[in-house]
Amino acid sequence: MDFKSSDTLTSGMLSGPREQDVLPATAAAAVKIVIVGGFGVGKTTMVGSVSEIRPLTTEETMTEAGIGVDDDYGSETKTATTVAMDFGRISISEELVLYLFGTPGQERFWFLWNGLFEGALGAVVLIDTRRLEVSFDVIGRLEERGVPFIIAVNDFPDAPRHPVEALRTALDLEKEVPIVHCDARRRTSSRDALLTLMRYLHSLAMARA
Ligand SMILES: Nc1nc2c(ncn2[C@@H]2O[C@H](COP(=O)(O)OP(=O)(O)OP(=O)(O)O)[C@@H](O)[C@H]2O)c(=O)[nH]1
Ligand SMILES: [Mg+2]
């Protein structure tokens, strides 16, 4: 056996995770949150912008055929789509850590949702006002499962700006469901959306108690 190479391997492994990847010793509670929404609304972008660890993504290059079959997305810039999930982590405070799971947007991968929703406390539904209809099924599925959610409108530059109450009507939402605007590319904006969800979950828990 070549002990020299084994040693090298072991010492490499012992170097361990990067400092920023280590969970703070003060973390007392971990919560699972899912980031959902239709095809191409910015789920992978949000998990990536807000995560303090290097996010795990499972993106595959889209084929021309895939784009045509799945949607009329209309963006030349989008070349990849999530085929399994996104994963990231953010510490909201010294004690509270959120584990973020982004779902695939293309309907042909929605069978993966069951596992992704297991144990989730709440969800952020990202929407694109140019294509509201891609969110209808997503919201329906959350309601069926009884997963509390907020709506985060990902403000693409050329997307129409609707008043919040018009969106609520169009999406057929209960009056207490929070609707916020965000830019999924910006860490602080994505973090604010997550904080809105946490406050909403807190208010639901208080109302139940
Ligand atoms: N202008 C703008 N572009 C964005 C924003 N969020 C995402 N994008 C772009 O929109 C495209 C789609 O983003 P993704 O994060 O891949 O969307 P997704 O929801 O994960 O897509 P699927 O996994 O295929 O469902 C990418 O090209 C992003 O760079 C945003 O807030 N503003
Ligand atoms: Mg994605």
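A quick note: this is a predicted structure, and the numbers were derived from the prediction, not measured.

1. A few points about the environment of Arg187
Inference 1: Along the chain, the position of Arg187 falls in helix 7 (residues 187–208).
Inference 2: With sequence-adjacent residues up to four places away left out, Arg187 is seen in contact with Ser49, Val50, Ser51 and Glu52.

2. Some words on the site of ligand 1
Inference 1: Around ligand 1 there are 21 residues in total, and Lys43, Thr44, Thr45, Thr81 and Asn154 lie nearest to it.
Inference 2: Thr45 places a side-chain nitrogen or oxygen 2.5 Å from an oxygen atom of ligand 1.
Inference 3: In isolation ligand 1 has 650 Å² of accessible area, and contact with the protein removes 87% of it.
Inference 4: At the level of elements, helix 2 (43–50) and strand 3 (80–82) are the ones that each hand at least two residues to the shell around ligand 1.
Inference 5: With three residues, helix 2 is the single largest residue contributor to the shell around ligand 1.
Inference 6: The class makeup of the residues in the shell around ligand 1 is six nonpolar, ten polar and five charged.

3. Concerning the sheet that holds strand 7 (residues 149–154)
Inference 1: Strands sit in the order 4-5-1-6-7-8 across an open sheet of six strands; the sheet is mixed. Bordering the open sheet on either side are strand 4 (86–91) and strand 8 (179–182), each of which pairs with just one other strand. For this sheet, the mean inter-axis angle between neighbouring strands, taken without regard to orientation, is 25°.
Inference 2: Bridge count between strand 1 (residues 29–36) and strand 5 (residues 96–102): seven bridges; the pairing is parallel. Within strand 5, the residue paired with Lys32 across the bridge is Tyr99.
Inference 3: Against the sheet, helix 7 engages strand 1, strand 4, strand 5, strand 6 (122–127), strand 7 and strand 8, with an angle of about 160° to strand 7.

4. What to know about the packing of aromatic side chains
Inference 1: Under the definition given, this model contains four aromatic pairs.
Inference 2: Residues Phe87 and Tyr99 carry aromatic rings whose centres are separated by 5.9 Å and whose planes lie at 10° to one another, so their mutual orientation is stacked. Of this pair, Phe87 sits in strand 4 while Tyr99 sits in strand 5, and the two are twelve residues apart along the sequence.
Inference 3: The partly exposed category is assigned to Tyr99, whose relative accessible area is 24%.
Inference 4: A cation over a ring is seen here: Lys32 above Phe101, with NZ or CZ 4.7 Å from the ring centre.
Inference 5: Sitting over the face of the ring of Phe156, Arg130 holds its NZ or CZ atom 4.5 Å from the ring centroid.

Quick notes on the rules
Residues numbered from 1 in each chain as written. Chains lettered and ligands numbered in written order. Predicted model: local features only at pLDDT ≥ 70, side-chain atom pairs only at ≥ 80, totals over all residues. Heavy atoms only, no water. Helix = DSSP H or I, 4+ residues; strand = E, 2+ residues; numbered from the N terminus. Contact = heavy atoms within 4.5 Å. Near = heavy atom within 4 Å. Polar contact = N/O pair within 3.5 Å; in protein donor to acceptor, adjacent residues only side chain to side chain. Areas by Shrake-Rupley, 256 points an atom, 1.4 Å probe, with all protein chains shown as cover. Nonpolar A, V, L, I, M, F, W, Y, C, P; charged D, E, K, R; others polar. Pairing = 2+ DSSP bridges. Axes fitted to C-alpha atoms, helices over the stretch in contact; angles between N-to-C directions. Phe/Tyr/Trp six-rings, centres within 6.5 Å; stacked < 30°, edge-to-face > 60°. Buried < 20%, exposed > 50% of the residue type's maximum accessible area, 1.4 Å probe, protein only. Lys NZ or Arg CZ within 6 Å of the ring centre and 35° of its normal.

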